[in-house]
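Commentary on secondary and tertiary structure
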Amino acid sequence: VCFIPGGLDCSISFVSHVLGKVCVHGRQKEILGVLVPCLTDLTKSDCIWQRICWRLVECVPDRWMEAVVLGFVQRAPGADVLSRLLGNLVVKNKKAQFVVTQKMLLLQYGHTTAVLQSLLGHLALDSPRRTLLLRVLKELLETWSSSSAVKHSPAEQQLYISKAILICLSHLKEPEIESCRQELLTSMMEGVKCHLDSSLPQLRRLGMVVAESISWKINTEGPVLKFEYEEDDETRELKSLLVQTPSFSVVLSLPDDDRSEEAGAVLPLVPETDEKSYPADPIPVMPDEGSDAELDSDDDLIPYDMSEDKALKIKAPVYIRDCIEVLTGSRSEDVDKWEATVKALESLVRRNPAAAREVSVELAKILLHLEEKTCIEGFVELRQRAQVAVLITDPIPVAKYLTSQFYSLNYSLRQRIDILDVLVLAAQELSCPKFHGKSKLSGAQKPCVQLLPGSDSSKGWRRIVDERIKSKTRRFDMGQSRAELASHPNEFNSVAGHFFFPLIQHFDRPLTTFDLLGEDHFVLGRLVHTLAILMYLAVNTVAVTAMGKALLEFVWALRFHTDSYVRQGLLSCISSLLLSVPTERILADMTEELLETQSWLGDVMEKDPDGDCRRLALQNLLLMENLKKKLEAVPS
């Protein structure tokens, strides 16, 4: 460090120009990695060095300002240090203000949580900058509550914006909250609706956490919003951002003429004395020892000896028609009998297929409308397994009934999703090879497709596709050879069309209470993933080529859907088509459509905001490249 003797005036504009040019030419890390720690130490106890540092960044030309400010923000170890280094630069310089309040918060989303805390804490440490903090919060909330932004921006950016909102809320004081309470409430109501409408569980959970935080912050008295969701590391981190971590720094004495403008830059971040904490669960109040509760004590009564008592065993029905009578109401007052029937129904159907076929459609209707009357453990799974057993026993009539009911009136979304899940599980069981003497396959031999309530079925589907691609990849060393499975007819072959075509026919016909192309896009996403799985399971069947052509037309009609979950399903449909339809049929019957699809996949890979969609599009392009190589390898 050089010192100028004699108190002579000097200009550091040249140094500012050098700093800006070095940063903008890609050497930001090298120069600021040395300069920022040095200036941090010098400005800790010397107000003259603070003013020199402020002047250094203020003299950087606007065309290089972004690189310099970004480097300082990323490398400053905290909000108080950043305030000592930059001062009120964001107030004085419009370019720096745009970088800090717009570009780093709304246009970028790759910065760490620590950088966000440092940046927003810097805005909160001085009164001129606090106006910018309030403006930033309103703009963040406007973006967070925009349905268009929720649909078209990636989940990582939504998480980044949510973190920024919670950090801003942690810095607000009570008068500031009071001045913008109504705006916060309006943004909260609009934003939580947009997020709860999303098909992605992560975005729904983000909306719940942010809405809870805003509600807790603006409601000083009275009840606050509380949602039910499973907490994970992400939600715990978000909630922790609402509570400030105290940060202390040395308050320097500045010259009188500079105090009004720059003294606030070195003020410590003092925790608010009226800061609220997250509401804890109420502590139960125990009665005093001398209360009247002792008068009602039953301690003096002698208990009965119940050691020899045995639980009564309820005999389950042995005929399917008896089960129907119990479930339809003639004996429904017997709760224990009802529970025993629900538990025994699946095995009874599988043991008596002939009797089950006589009443298969009636039984499918009863199970589709069956509601839980008692707190029976695993009721949803028991009902689903019974539905799958009925569908496997008599596939064509039951499949016709279920697919027709999917587009019927007066069904809840839950029931429609249940229909899709049952069709997939039954198709999976019908298409898997069976071994004599074994009723189940090992986990390594049987593809697993999980369709649990509220879960993302596309995860299981993608695992299947990845395994299929792996099996088609040539390797020079395959390791130990596996024993070949015993061959068995694919029972899904003769019924695949009954599962597939009725589902794909009426998706564009809205009903009074059901609109797949409108607000019920979550069910549309489940439908698309179901069609992809059915297409995959129909490999080597007679109807696979017709199914592939119909599926390609379906995908083409919905390829620009705004919901990312639906687009993921559409790309999965393309994967299943390329893997299931024979190569010669694809090249003979779908060449033109495939070229158009290839162009669309290229756009998705480059421009889609969702990372999973980009990955699936790349995977499909690789599959198409394999088809092209296979065509070139065929001798003419």
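Presented here is a report on the structure given in the accompanying data block. (Residues numbered from 1 in each chain as written. Predicted model: local features only at pLDDT ≥ 70, side-chain atom pairs only at ≥ 80, totals over all residues. Heavy atoms only, no water.)

Let us now look at the overall build of the protein chain. Of regular secondary structure, the protein chain possesses 30 helices and zero strands. Looking at the protein chain as a whole, 48% of its 636 residues are labelled buried. Put simply, of all contacts in the protein chain between residues at least 6 apart along the chain, 74% involve residues at least 24 apart. Put simply, the protein chain shows about 34,100 Å² of open surface, and 54% of that area lies on carbon and sulfur atoms. (Helix = DSSP H or I, 4+ residues; strand = E, 2+ residues; numbered from the N terminus. Buried < 20%, exposed > 50% of the residue type's maximum accessible area, 1.4 Å probe, protein only. Contact = heavy atoms within 4.5 Å. Areas by Shrake-Rupley, 256 points an atom, 1.4 Å probe, with all protein chains shown as cover.)

Let's shift gears to a nonpolar patch on the surface. A cluster of nonpolar residues, Phe14, Val15 and Val18, forms a patch on the protein surface that exposes about 290 Å² of accessible area. In this fold, Val18 is placed in helix H1 (residues 13–42). Among the residues examined, Val18 registers a relative accessible area of 36% and is labelled partly exposed. (Patch = residues over 30% accessible without salt bridge, like charges linked within 9 Å, V, L, I, M, F, W, Y side chains within 5 Å. Salt bridge = Lys/Arg side-chain N within 4 Å of Asp/Glu carboxyl O.)

Positionally, Gln158 belongs in helix H10 (residues 155–171). Owing to a relative accessible area of 1%, Gln158 belongs among the buried residues under this scheme. For the pair formed by Gln158 and Leu206, sequence separation is 48 residues and the distance between their alpha carbons is 8.0 Å. Not counting residues up to four positions away in its chain, the partners in contact with Gln158 are Ala149, Val150, Ser153, His195, Leu203 and Leu206.

To continue, consider the packing of helix H20 (residues 379–393) against helix H22 (residues 413–431). One can describe the packing of H20 onto H22 by two numbers: an axis separation of 9 Å at closest approach and a directional angle of 55 degrees. One way to sum up the angle between H20 and H22 is to call them oblique. When the axes of H20 and H22 are compared, the crossing they make is right-handed. Contacts between H20 and H22 involve Arg383, Gln384, Gln387, Val388, Leu391 and Ile392 from the first element and Asp418, Asp421, Val422, Leu423, Leu425, Ala426, Glu429 and Leu430 from the second. (Axes fitted to C-alpha atoms, helices over the stretch in contact; angles between N-to-C directions. Parallel < 35°, antiparallel > 145°, perpendicular 65-115°, else oblique. Left-handed = near helix turned anticlockwise from the far one by under 90°.)

For the rest of this paragraph, the subject is the packing of helix H19 (residues 360–369) against helix H21 (residues 395–406). One way to put it is that H19 packs onto H21 with a least axis distance of 9 Å and a crossing angle of 35 degrees. For the pair H19 and H21, the crossing hand works out as right-handed. Across the interface between the two elements, Ser360, Val361, Ala364, Lys365, Leu368 and His369 of H19 pack against Pro397, Val398, Tyr401, Leu402 and Gln405 of H21. The residue makeup of the contact of H19 with H21, split by class, is seven nonpolar, three polar and one charged. (Nonpolar A, V, L, I, M, F, W, Y, C, P; charged D, E, K, R; others polar.)

Below, the discussion takes up the environment of His498. Mapped onto the elements of the fold, His498 is located in helix H24 (residues 496–505). The exposure class assigned to His498 is partly exposed, which follows from its relative accessible area of 26%.

This part is about the environment of Ser146. When you line up the elements, Ser146 lands in the loop between helix H8 (127–144) and helix H9 (147–152). The exposure class of Ser146 is partly exposed, given its relative accessible area of 26%. Expressed as a C-alpha distance, the spacing of Ser146 and Glu190, which sit 44 residues apart in the sequence, is 7.7 Å.

Attention now moves to the nonpolar core. Phe406, Phe492, Phe499, Leu527 and Phe554 are the most contacted members of the largest nonpolar core, which totals 94 residues. Apart from the residues lying within four places of it in its own chain, the contact partners of Phe554 are Ile504, Phe507, Val528, Leu531 and Leu570. Val150, Cys180, Met208 and Val209 belong to the second largest nonpolar core, which has 78 residues in total. (Core = buried A, V, L, I, M, F, W, Y, C linked by side-chain atoms within 4.5 Å.)

A few words on the pattern of salt bridges. Evaluation of the coordinates by the stated rule reveals 26 salt bridges. Note that Lys92 is salt-bridged to Glu58, the shortest N-O span being 3.1 Å. Here Lys92 is found in helix H5 (residues 89–92), whereas its partner Glu58 is found in helix H2 (residues 47–58), with 34 residues between them in sequence. Residue Lys92 is classed as partly exposed on the basis of its relative accessible area of 40%. Overall, Glu58 belongs to the partly exposed group, its relative accessible area being 22%. Between Asp232 and Arg205 there is a salt bridge, with its nearest N and O atoms 3.2 Å apart. Taken together, the residues Asp232 in the loop between helix H13 (201–218) and helix H14 (233–240) and Arg205 in helix H13 connect sequence positions 27 residues apart.

The quantities given are spatial measurements derived from coordinates; they are silent on function.
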